[in-house]
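# Observations on chain architecture
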Amino acid sequence: MKTIGIGTRIFLGGTQGFVVWPGTQFNTSKPKNEHGVPMSNSATLAVMGNLKEMSSEFLQAAYYEKYGVSLFVGIGIPIPVLNADIAKCVSIRNEQIQTTVLDYGVEGTPALGRVTYAELRSGEIEVQGKKIRTAPVSSLSKARKIAEILKQSILAGEFEISKPVQMFPTNTSLKSLKEIKGGDEK
Amino acid sequence: MQKKRYVLKFPPQSGDQPFSYHLVKDFDIRINILRAEVWPGKTGSLVLELEGTTTNLKNGIAYLEENQVSCEPLNKKITWDHVRCISCGNCTAVCFAGALQLDPGKWELQFDPEKCIVCELCVPACPLNLFKIDFRE
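None of these values were measured; they are calculated from a predicted model.

### Some thoughts on the overall build of chain A
Scanning chain A for helices and strands turns up three helices and twelve strands. If one aligns the C-alpha atoms of chain A with their principal axes, the spans along those axes are about 65 × 45 × 35 Å. For chain A, with 186 residues in total, the buried portion stands at 27%. The long-range share in chain A, meaning contacts at least 24 apart out of those at least 6 apart in sequence, stands at 55%. Side-chain charges of chain A comprise 22 positive and 17 negative groups, with the mean position of each set lying 3 Å from the other.

Spelled out as structure tokens, the structure:
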């Protein structure tokens, strides 16, 4: 939120793209922990790039069993460390990032508990006294590759870090539509 | 002593023959059943870990083949398209045998065919559909 906004140049699917708008369900009023990290889904981004310049190494069609189609998109966003405050933000460790465990088997997906990224990465978490296996759904090895490519192209002067044209609003929340089950016979 | 994993296929009419008993009794092979599918009147399949001396294993396999049971080493049955794999790690959640794991340094997917028991859970779990397992005919 401090360096990323509309117009930020990014690595997108193997080429250069841009942040163009807040993403779907962009929400900045979710509760944050003592390190300032949101504890559930929060700010999201809408990005744009030229598909014809992208590579299947960083853009692949995916299908999740019992969920549906998805897309694996390789994204890298440079964060310029301009002051001590930003330096503190980029040094947040996995132990300091929390997220919420949701039960997708129940309507309304109720929360079952909170875990840290460090716990998730260990391969096992404890939820309500039970030990549960964990696995990632995004690729850390690809993320590191993208970070390295981005670093090299910045150093080579091929990728220019841009200042956003407009920062994102910081006080937004969602007004979701109420689901109405229609179709009943009178 | 040697330990090897095989996929055995039985002809439909062989359901009443105690092949695994003979492997133990006649060939002194220690067997561990990793997976079994036996249906009356259909081709049955069995994933076995066989442990024994080289000679005994060879003779045991020959005995099975004489009785129209096909034996193929397990590792020939599994293919994984590692070029397209992005190491997302989704498959590691369902691999209870521990054959699919992310190496903790580079976070790249490692596949150990020796541990695989051909449970096939990784096939639908992979969002990129990169696992091909030829277990049934």
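### Some points on the pairing of strand S3 (residues 44-52) of chain B
Residues and elements named next belong to chain B. Of all the nine residues making up S3, eight are buried; the element is thus mostly covered by neighbouring parts of the structure. Two strands pair when backbone bridges link them, and strand S1 (residues 2-10) and S3 are joined in this way by nine bridges, in the antiparallel orientation. Among the inter-strand pairings, Val7 is bridged to a residue of S3, identified as Val47. Judged from the seven bridges that link them, strand S2 (residues 30-37) and S3 form a sheet pairing that is antiparallel. If you follow Arg30 over to S3, its bridge partner there is Glu51. If you look at the hairpin formed by S2 and S3, you'll find six residues sitting between the two strands, and Gly41 has a positive phi there, around 75°.

### Comments concerning the pattern of salt bridges
Residues and elements named next belong to chain A. By the definition in use, this model includes six salt bridges over all chains. In this structure, Lys142 engages Glu57 in a salt bridge whose closest nitrogen and oxygen atoms are separated by 4.0 Å. Here Lys142 is found in helix H3 (residues 140-155), whereas its partner Glu57 is found in the loop between strand S4 (45-49) and strand S5 (59-64), with 85 residues between them in sequence.

### Some remarks on the pairing of strand S10 (residues 124-127) of chain A
Residue and element names in this part refer to chain A. With burial as the criterion, only one face of S10 is covered, namely that bearing Ile125 and Val127; the residues Glu124 and Glu126 on the opposite face remain uncovered. Relative to strand S11 (residues 130-133), S10 runs antiparallel, the two being bridged by four bridges. Considered in S11, the bridge of Glu124 is made with Arg133. As consecutive antiparallel partners, S10 and S11 are separated by two residues, and within that stretch Gln128 has a phi angle of approximately 50°, a positive value.

### Considering the packing of aromatic side chains
Counted according to the given criterion, the structure contains nine aromatic pairs over all chains. For the pair Tyr64 of chain A and Phe72 of chain A, a centre-to-centre distance of 6.3 Å together with 75° between the ring planes defines the contact as edge-to-face. On the basis of relative accessible area, Tyr64 of chain A is assigned to the buried category, the value being 17%. Relative accessible area serves as the criterion here: at 11%, Phe72 of chain A is assigned to the buried category. Seen from their ring centres, Phe27 of chain B and Tyr63 of chain B are 5.5 Å apart, and the 40° between their planes marks the pair as tilted.

### Examining the domain arrangement of chain B
All names here are of chain B. Once the domains are mapped, chain B shows domain 1 (2-74) and domain 2 (76-133). Three residues stand out in domain 1 for area buried against domain 2, namely Arg5, Arg35 and Leu74, and they jointly supply 57% of the buried area on that side. Applying the counting criterion to the domain 1 and domain 2 interface returns one salt bridge. The partner of Arg35 in a salt bridge is Glu120, and the shortest N-O contact between them spans 3.7 Å. Summed over the shared surface of domain 1 and domain 2, the result is two residue pairs in polar contact (both at pLDDT 80 or more). Those elements that provide at least two residues to the side of domain 1 that touches domain 2 are S1, S2 and strand S4 (70-73). With three residues, the single largest contributor to the side of domain 1 that touches domain 2 is S1. In terms of residue class, the side of domain 1 that touches domain 2 is built from five nonpolar, no polar and four charged.

Scoring rules and cut-offs
- Residues numbered from 1 in each chain as written.
- Chains lettered and ligands numbered in written order.
- Predicted model: local features only at pLDDT ≥ 70, side-chain atom pairs only at ≥ 80, totals over all residues.
- Heavy atoms only, no water.
- Helix = DSSP H or I, 4+ residues; strand = E, 2+ residues; numbered from the N terminus.
- Buried < 20%, exposed > 50% of the residue type's maximum accessible area, 1.4 Å probe, protein only.
- Contact = heavy atoms within 4.5 Å.
- Lys, Arg positive; Asp, Glu negative; His and termini not counted.
- Charge placed at Lys NZ, Arg CZ, Asp CG, Glu CD.
- Pairing = 2+ DSSP bridges.
- Salt bridge = Lys/Arg side-chain N within 4 Å of Asp/Glu carboxyl O.
- Phe/Tyr/Trp six-rings, centres within 6.5 Å; stacked < 30°, edge-to-face > 60°.
- Domains from an automatic or database assignment.
- Buried area = accessible area lost by both parts, 1.4 Å probe.
- Polar contact = N/O pair within 3.5 Å; in protein donor to acceptor, adjacent residues only side chain to side chain.
- Nonpolar A, V, L, I, M, F, W, Y, C, P; charged D, E, K, R; others polar.

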